[in-house]
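# Structural overview for review
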Amino acid sequence: MDVGEAARLNALVVAVGRAQDRAAFQALFDHFAPRVKGYLMRLGAGNAVAEDLAQDAMLTLWRKASLFDPAKASASTWMFTIARNLRIDAIRRERRPELDPNEPALLPEAERGADESLDWAQAEDRLHAALAELPREQAEIIHLSFLAEKPHSLIATELGLPLGTVKSRIRLAMARLRQALGDES
Amino acid sequence: MSIAHHPGDELLLSYASGAANEAVALLVASHATFCAQCRARVQRAEATGGRVLTDMAPVPMSAQAYESLLARLDEPARAVVQAAHLQSDVPAPLQAYIGTDYGALPWRHVGGGISHLPIRTRGGMRARLIRAEPGSGVYTHTHKGEEWTLVLTGSYTDKTGHYAAGDVQSTTPEISHQPTADAGPVCINLAVTDAPLVFRGLLPKLVAKFHGF
Ligand SMILES: [Zn+2]
């Protein structure tokens with residue numbers, strides 16, 4: 001996905017949030033619903049459950065679109081967090097202790113700033129490039145964390161690695177991704 | 001407020017990806033209310049999730065999926081979750097579990113200025129609050145698994161360092177430590193373990209068994 005596509009999706013969510021634009025919603029449905037369904041099935045949901053939850057995720061998008069802020073996250077990232085949370089709630093039946101990063105009371109004034117001015121469509125494009133360039137053993141562990149939903153101790157066991165090695169690969173990978181986003185060196 | 005001890009990247013990543021169980025998620029989200037750096041790091045990791053979703057091979061929705069969704073768009077939404085009390089010193093994510101006042105909790109006294117309170121979470125790990133009067137020490141203990149402790153109020157010291165409000169201490173199975181609450185405000189911690197604590201000595205063992213540590 002290029003910067004233009006990310007910006008298009010952001011604009012569609014904003015249109016839904018501002019004007020309940022149903023044409024924009026249908027375009028978002030066409031893009032996201034099959035991907036959310038794929039994500040849920042990849043994590044073990046059956047076809048029917050994944051379809052239902054993908055519908056719920058789209059309904060959540062419709063209802064919360066006015067809260068979407070493209071300065072904080074891309075539409076894809078926002079949609080990922082919606083799908084992740086629905087899945088934890090509906091399939092794992094756990095609560096999701098959620099931090100609302102938009103809650104101003106939580107943000108000490110001096111520490112705000114740099115983030116807000118980031119253009120997320122571009123930042124995530126750089127992130128994509130950095131992900132593609134990660135050494136294979138680091139990329140593998142990042143992907144397992146998102147798509148296997150195993151604790152890192154279990155990932156370590158399955159890969160036949162000491163837990164410390166898994167942790168250090170994660171640290172290296174996360175440091176590279178943050179560098180790509182330009183906010184920490 | 002400056003935080004000296006943060007959760008490791010592996011914890012932030014597992015919180016962002018959704019792989020973390022509820023107890024770990026509670027600890028990370030609560031730490032993040034103290035820590036702008038970790039809030040930003042979680043957002044970065046979530047952006048990775050956005051990439052994962054973008055790259056996901058699409059699985060077609062059924063033919064009627066969009067039509068049946070349209071019929072639901074005008075349904076009233078469920079009631080919104082109650083907003084957090086910002087005046088409270090209990091971190092917002094923790095308020096859903098214990099309310100807004102540490103003083104009003106049914107603390108279970110363990111002895112020696114220490115009380116605790118299990119927090120009900122699902123997903124396999126144990127979360128509980130530990131309350132230590134100034135100068136009191138938790139028994140020397142080791143762990144069968146990993147343990148994470150988030151300081152909520154006050155501070156404590158052990159042989160590895162000093163931990164104040166907002167700090168997270170990560171300990172591994174091989175570490176035996178005896179945290180002692182510093183002088184000053186009562187020290188309240190959120191502790192998450194993936195296995196029961198192993199107390200050293202007979203008396204602590206009996207106490208631990210009795211109190212369900
Ligand atoms: Zn932190």
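Residues numbered from 1 in each chain as written. Chains lettered and ligands numbered in written order. Predicted model: local features only at pLDDT ≥ 70, side-chain atom pairs only at ≥ 80, totals over all residues. Heavy atoms only, no water.

Take the coordination of the zinc ion next. All names here are of chain B. Within the protein, the atoms that donate to the zinc ion are His6 (ND1), His31 (NE2), Cys35 (SG) and Cys38 (SG), at distances of 2.0 to 2.3 Å. One can describe the site at the zinc ion as tetrahedral: its four donor atoms subtend angles covering 98 to 122° at the metal. Linear spacing of the donor residues for the zinc ion on their chain is H-x24-H-x3-C-x2-C. Placement of His6 in the segment before helix H1 (9–17) and of Cys35 in the loop between helix H2 (22–32) and helix H3 (36–55) is noted, with a sequence separation of 29 residues between them. You can call His6 partly exposed: its relative accessible area is 25%. Taking the relative accessible area as the measure of exposure, Cys35 reaches 4% and is therefore buried. (Donors = N, O, S within 2.8 Å, 3.2 Å for Na, K, Ca; no water. Tetrahedral: all angles 85-135°; square planar, octahedral: opposite > 155°, others 65-115°. Helix = DSSP H or I, 4+ residues; strand = E, 2+ residues; numbered from the N terminus. Buried < 20%, exposed > 50% of the residue type's maximum accessible area, 1.4 Å probe, protein only.)

The next subject is the pattern of salt bridges. Evaluated as defined, the whole model comprises 15 salt bridges over all chains. Residues Asp74 of chain B and Arg22 of chain A are paired through a salt bridge, measuring 3.1 Å at the closest nitrogen-oxygen approach. Of the two residues, Asp74 of chain B is situated in the loop between helix H4 (65–70) and helix H5 (92–98) and Arg22 of chain A in helix H2 (residues 22–42); the pairing between them involves two chains. What makes Asp74 of chain B exposed here is its relative accessible area of 62%. You can call Arg22 of chain A partly exposed: its relative accessible area is 36%. Several salt bridges converge on common partners, so that one network encompasses Arg84, Arg96 and Glu98 of chain A together with Glu46 of chain B. (Salt bridge = Lys/Arg side-chain N within 4 Å of Asp/Glu carboxyl O.)

Okay, the sheet that holds strand S6 (residues 155–158) of chain B next. Residues and elements named next belong to chain B. Strands sit in the order S7-S6-S9 across an open sheet of three strands; the sheet is antiparallel. At either end of the open sheet lies a strand with only one pairing partner, and these are strand S7 (161–164) and strand S9 (180–181). Inspection of the sheet shows S6 paired to S9 by two bridges, in the antiparallel sense. Note on S9: the bridge partner recorded for Thr157 is Thr180. (Pairing = 2+ DSSP bridges.)

With that out of the way, let us pick up the packing of helix H7 (residues 136–147) of chain A against H3 of chain B. Across the interface, H7 of chain A lies against H3 of chain B with an axial gap of 11 Å and an inter-helix angle of 80°. Regarding the angle of H7 of chain A to H3 of chain B, the classification is roughly perpendicular. Facing H7 of chain A, whose interface residues are Ile142, His143, Phe146 and Leu147 of chain A, H3 of chain B presents Ala45, Thr48, Gly49 and Val52 of chain B. When the residues that make up the contact of H7 of chain A with H3 of chain B are grouped by side-chain class, the tally is five nonpolar, three polar and no charged. (Axes fitted to C-alpha atoms, helices over the stretch in contact; angles between N-to-C directions. Parallel < 35°, antiparallel > 145°, perpendicular 65-115°, else oblique. Contact = heavy atoms within 4.5 Å. Nonpolar A, V, L, I, M, F, W, Y, C, P; charged D, E, K, R; others polar.)

Hydrogen bonds along the backbone pair up the strands of a sheet, which may run parallel or antiparallel. Residue and element names in this part refer to chain B. Taken together, six strands build an open sheet; the order of strands is S1-S2-S3-S10-S5-S8 and the sheet is antiparallel. At either end of the open sheet lies a strand with only one pairing partner, and these are strand S1 (108–111) and strand S8 (168–171). Taking the axes of each pair of neighbouring strands and ignoring which way they run, one obtains an average angle of 25° across the sheet. Pairing of strand S5 (residues 147–153) with strand S10 (residues 187–193), which is carried by six bridges, proceeds in the antiparallel orientation. Bridge pairing links Thr149 to Ala191 in S10.

Residues and elements named next belong to chain A. One non-glycine residue, Gln20, lies in the positive phi region at around 45°. Looking at where Gln20 falls in the secondary structure, it is placed in the loop between helix H1 (3–19) and H2. Of note in the backbone geometry, Arg93 takes a positive phi value of approximately 55° without being a glycine. Its place among the elements puts Arg93 in the loop between helix H4 (75–90) and helix H5 (114–117). The class for Arg93 is exposed, based on a relative accessible area of 53%.

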